[in-house]
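So you can see what is in the structure, the chains are spelled out below.
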Amino acid sequence: MDSVIIEPDEREALASLVPAHPLPPRKTHSYVEQCEQKPHHPIRKYSLDEGSRSVTSDSEAVYFDSSDGEFSTEGVAIVDGRTSGERGNGEECGFVTPPSKPASQGGGNDGGREDDIESLPEFIGAGGGLDVFKVPVRAAVNPGRPPCLELRPHPLRETQTGKFLRNIACTESQLWAGQENGVRFWNLEEAYEVGCGLGGQVRRGDEDTAPFHESVPTSPALCLLVDHGNRLVWTGHKDGKIRAWKMNQPNTTTADDSKPFKERLSWQAHRGPVNYIVISSYGDMWSCSDGGVIKIWTLDSLEKSLVLKLEEKHMAALLVERSGIDLRSQVTVNGTCSISSSDVKFLLVDTVKAKVWAVQHLSFSLWDAQNKELLKVFNIDGQVENRVDMPPTQGQQVEDTKAKFFSAPKKEKSQGFLQRSRHAIMGAAGAVRRAATRSAGAFAEDTRKVEAIAIAADGSIWTGSMNGVIAQWDGNGSRLREVNHHQQAVLCFCTFGDRIYVGYSSGYIQVLDLGGKLIASWVSHNEPVIKLAAGGGFIFSLATHGGVRGWYVTSPGPLDSLIRTELSQKEMAYARQDSVKILIGTWNVGEGRASRGALVSWLGSAVSDVGIVAIGLQEVDMGAGFLAMSTAKETVGVEGSAVGQWWLDAIGNALDERNTFERMGSRQLAGLLISLWVRKSIRTHVGDLDVAAVPCGFGRAIGNKGGVGLRIRVYDRIMCFVNCHLAAHLEAVTRRNADFNHIYRSMVFSKGQSVYTAAAAGASTSAQALKNNPNTNNSTEEEKSHLASADLVAFFGDFNYRLFGITYDEARDFISHRSFDWLREKDQLRQEMNEGKVFQGMREALITFPPTYKFEKNKPGLGGYDSGEKKRIPAWCDRVIYRDNQSISYTECSLKCPVVSSTIM
């Protein structure tokens, strides 16, 4: 092998790596020269997965081991998987390299720049495609579910403030939706037309929605009821009113749809929210509210009020209000009520047996629809109850607080400062954790709580609970059977013919037959399905994010594959592709603060054509006291620090936050801080920010080690960014691997400070908590961690993987000659990824810069490496690794480590 040739334009950059003082005399042969004299194989085998398919899946992929110049600044060209260097042995080398950028994509203001960063070959770890490391499928036509009608694509969460959809109901020609500011409806004959917003003006969140019509602003609509006889849609609202809307609105066929339609009738039905309304087989309207209140509005009063003119709306409202019958008062004798005072959430009409079911948290009451008499009260196990209404029970008894005395321990040797600090932190964290556990236990909900009810075509009643159990009842309230096909909360039912459709908090929809047997199952949305409605040949599903999809009643069936094939072939006619460049930076700041010049040198020069910037910092704040306080704050839902806020402001100034970028969000866990910035030109296409944190230090309780993450949606793709600080020390490879595995599997994203809540969309907070609970018993293979279900996942931070089998002097010698390929062979992380033990199936660009560990402050170049008593061996501790589900990479991955002077003040 020839000696390394240094190009003239590199001498200045290499000068910073040369120590200020002259090196001591060396032996005749340096460590680099000694390695060059050893036989070196041009091909080193690695286990590659999901990479460029230049090799077949049956053959073992190999990774080319470059010499000093190849894949670095000497510019050896790579063409069709071959190198044009001096190997000359004719052997093929299978490796992963991004495709060349077409000339048509190099346009804009950035095309043809001489300083464009060239894409680098990527190393891919083994073990991808298995278990939670299986890359999710992402396509315009998802092969894992039936084709559907996108009536309202998933809107960004922040665009729905005050307008979240809560419920849906369907007629044969219209789909109605109750929202936080009124109601809206779609004419199904217009479902395939291009959306133009409301009144011809496109509104954020509804850019791609089919044409719809909206009502005047009202209180949030909590429930809907379709009245085919009167051609009305009844809605119950949070302010206690019931409103009636005409199906055939007069302005739906005119050119001017900007004028919102008004209700036909409304009256004050309850003091609290109207949770549910039904019409019995005798024409009476039943409604329920909080506190166990059930009221009946007679058919006679409803008919009389509807024949009055619009000018007599006030008289009609009084007529209905005065006819109300309070059933709770009728079953109360001498202050004792036969039904519970808990909230009545659902009502169900059995038209065959002329009965009405009222569903409370853990009990049912069965009523005669004609005589309006209470027939039976029974619990969720089917046992009849003789209920006496009592004051609400207190929470769980407070743990006995008697003082406990222990015998004095034997005198031991005095512990060091670090050991005492560790005990103090663990003690504080344990106390906070015990207090939080007691508090949470007092308000824990019974997972048997009923969340949905429906009646099937054969007259049987089906109920779904938080624990995923689906129970079948006969018309008299006798429990017949139960099935459990999914371990997540059942949130809604819908029946059509001999099929029962079930919506879950996991986003799944299942189809059952009348015997409870599972027919089909698929993921309908990436958030909980809170309502199902049948009509117009579709089963419509509403998710918490406000997206509405229509599923053909014939699905699953033979037509699905034909439709899917046709849609896939014509994907370019209705789908669009957008390119966004992402900049990821990581820095272990060692409790210091950077100068503005350092941040500008680090970030400012690299963001000229970047759309998204993700920054991860480690050791922002440390110390035993701070870690204990951080743990306590995390327990009560508070995070962040003054130093962390300083870093956010400093990074914002370096990125020109006011004019160019906008801060999307951040998350801090002790010394870990992650922040995300988006260029304002694409801000309208980025949203749904969620945050997460996983501590890994001191028994998985303290945040000195761990990970913080942010999840966003960009052009309908889910991206996750995770900043990690893994276990330290050369020998702790297994602990580092375990830290990654713990973070990857247990990281659960939450809405954080978002204005959106699960309750705002109509889903119960208990069901949402069950969905987000990582400890939920779930044995189904299709369930994945939050990171596993993302389209793109990027891990970055101080991973602490070191160089092994090499001395301090050898490492410095290799670095001085830029022999990074030899150092890469000693990289712990590369070895562990090659064996499939960590970052399974993930990619990393080839490293072409000196190791980043460990430098002394204010000492650049080789002179900055640790030269103290420990002489810690230089290593690439700071890394950026990612995984994408694109089958063909259209992006270019490059890796740089800018030389920054005066970084720490």
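Sequence order sets the numbering: in each chain, residues are counted from 1 along the sequence as written. pLDDT decides what is reported in this predicted model: residues at 70 or higher carry local features, side-chain atom pairs at 80 or more are listed and counted, and totals for whole chains, interfaces and linings draw on all residues regardless. To obtain the side-chain values, all non-hydrogen atoms of the structure were used and water was disregarded.

S.K.: It is not clear to me how the side chain of S301 should be interpreted in this structure. Could you clarify?
M.R.: Mapped onto the secondary structure, S301 falls in helix α3 (residues 299-307). The class for S301 is buried, based on a relative accessible area of 5%. Between two residues, a contact is recorded if the distance between any of their heavy atoms is within 4.5 Å. Ignoring anything within four residues of it in the chain, the contact list for S301 reads L319, V320 and S323. Helix and strand definitions follow DSSP, with helices as H or I runs of at least four residues and strands as E runs of at least two, each counted in order from the N terminus. With a 1.4 Å probe rolled over the protein chains alone, any residue whose accessible area is under 20% of its type maximum counts as buried; one over 50% counts as exposed, and the rest are partly exposed.

S.K.: So what exactly am I meant to see when it comes to the sheet that holds strand β6 (residues 148-152) here?
M.R.: Paired through backbone hydrogen bonds, the strands of a sheet run either parallel or antiparallel to each other. If you trace the 4 strands from one edge of the open sheet to the other, you get β6-β35-β34-β33, paired in antiparallel fashion. Two strands lie at the open edges of the sheet, namely β6 and β33 (529-535), each paired on one side alone. Direction aside, neighbouring strands of the sheet carry axes that sit 25 degrees apart on average. At least two bridges found by DSSP between two strands are what make those strands a pair. To obtain each axis, a line is fitted to C-alpha atoms, and for helices this fit is confined to the stretch in contact; angles are then taken between N-to-C directions over 0 to 180 degrees.

S.K.: Help me out: how do you make sense of the pairing of strand β11 (residues 221-227) in this one?
M.R.: Strand residues, when the strand is regular, have side chains that alternate between the two faces of the sheet. In terms of burial, β11 is largely enclosed, as 6 of its 7 residues are buried. Judged from the 6 bridges that link them, β11 and strand β12 (residues 232-237) form a sheet pairing that is antiparallel. Residue D227 lies in a different strand from β12, and its bridge partner there is L232. If you look at the hairpin formed by β11 and β12, you'll find 4 residues sitting between the two strands, and R231 has a positive phi there, around 55 degrees.

S.K.: Would you mind going over the packing of aromatic side chains with me for this structure?
M.R.: Two measures describe an aromatic ring pair: the distance that separates the ring centres and the angle between the ring planes. Stacked, tilted and edge-to-face are the three classes applied to pairs of Phe, Tyr and Trp rings, where Trp contributes its six-membered ring and a pair requires centres within 6.5 Å; stacked means planes under 30 degrees apart, edge-to-face means over 60, and tilted covers the rest. Enumeration according to the criterion identifies 29 aromatic pairs in this entry. Arranged with centres 4.9 Å apart and planes meeting at 40 degrees, the rings of F538 and Y552 form a pair that is tilted. Residue F538 is found in strand β34 (residues 538-543), and its partner Y552 is found in strand β35 (residues 548-552); the two are separated by 14 residues along the sequence. A relative accessible area of 24% places Y552 in the partly exposed class.

S.K.: Which parts of the structure should I look at to understand a nonpolar patch on the surface?
M.R.: To count toward a patch, a residue needs a relative accessible area above 30% and no salt bridge. Like charges then connect within 9 Å, nonpolar side chains (Val, Leu, Ile, Met, Phe, Trp, Tyr) within 5 Å. The protein chains shown are the only cover counted for residues, whose accessible areas, like all others here, come from Shrake-Rupley with a 1.4 Å probe. When a carboxyl oxygen of Asp or Glu is within 4 Å of a side-chain nitrogen of Lys or Arg, the pair counts as a salt bridge. A contiguous nonpolar patch, built from L559, L562, I563, L567 and Y574 and spanning about 440 Å² of accessible area, is present on the exposed surface. When residues in the nonpolar patch are grouped by element, the largest group, 4 residues, is from helix α7 (residues 558-569). Structurally, the position occupied by L562 is in helix α7. With relative accessibility at 55%, the residue L562 sits in the exposed group.

S.K.: Explain the pairing of strand β15 (residues 276-279) to me, please; I cannot follow it from the model alone.
M.R.: The pairing of β15 with strand β16 (residues 285-288) spans 4 bridges and is antiparallel. By the bridge assignment, I279 is partnered in β16 with M285. Connecting β15 to the next strand, β16, in antiparallel fashion are 5 residues, including G283 with a positive phi near 90 degrees.

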